[in-house]
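Here are the chains, one letter per residue:
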Amino acid sequence: MKVAFTTNDSIHVNAHFGSARQIDIYEASGNGFTFLESLEFQKNLKQDGNEDKLGPKLAALSGCSIVYVGAIGGSAASRLIRQKVTPIKAESSAEIIPLKLAELVETINNSPPPWLRKVLNQSQPQSYEDTFETIEEEVVV
């Protein structure tokens, strides 16, 4: 699954979602994690209630399952949840991205909470049989 982090330095989860100039994206699974890309945002990102700044970030996070943030407003959190991206607020701006990813991998491998099991199930590709049954149901007249 894809996991995103709002960051000012690619090390810490230390940026507010709305004003973040950078979001780093990783692929995480029970086998570990891999850095995918760093997204940069340049427009007016002040924390002033300007909802227009959220659109590009929401679009960029399409396909992500989780986004860790330093802080986030209610409107942005709601929009992410509707997009099936779970926002998680960091406990402090000192949280280190690779450590958060290692904790996530450990949680995936041990006993993921119900919300994470749901996210993992959504990010799993369907089996061949599931796809075949769906196609077969659509064809039957």
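To be clear, the structure that these remarks concern was listed above.
Residues numbered from 1 in each chain as written. Predicted model: local features only at pLDDT ≥ 70, side-chain atom pairs only at ≥ 80, totals over all residues. Heavy atoms only, no water.

S.K.: Lay out the pattern of salt bridges with the relevant residues and their values.
M.R.: Counting across every chain of the model gives two salt bridges. As a salt-bridge pair, Lys100 and Glu95 come within 3.2 Å of each other at their nearest N and O atoms. Classification of Glu95 by relative accessible area gives buried; the value is 13%. Here Glu103 ties to Lys100 by a salt bridge, and the two come within 3.0 Å at their closest N and O atoms. (Salt bridge = Lys/Arg side-chain N within 4 Å of Asp/Glu carboxyl O. Buried < 20%, exposed > 50% of the residue type's maximum accessible area, 1.4 Å probe, protein only.)

S.K.: Describe the pairing of strand β3 (residues 32-40), listing the residues and the values that go with them.
M.R.: Inspection of the sheet shows strand β2 (residues 22-29) paired to β3 by eight bridges, in the antiparallel sense. The residue of β3 that forms the bridge with Asp24 is Ser38. The antiparallel pairing of β2 with β3 creates a hairpin that spans two residues between the two strands. (Pairing = 2+ DSSP bridges. Helix = DSSP H or I, 4+ residues; strand = E, 2+ residues; numbered from the N terminus.)

Take it as geometry only, folks, not as evidence of what the structure does.
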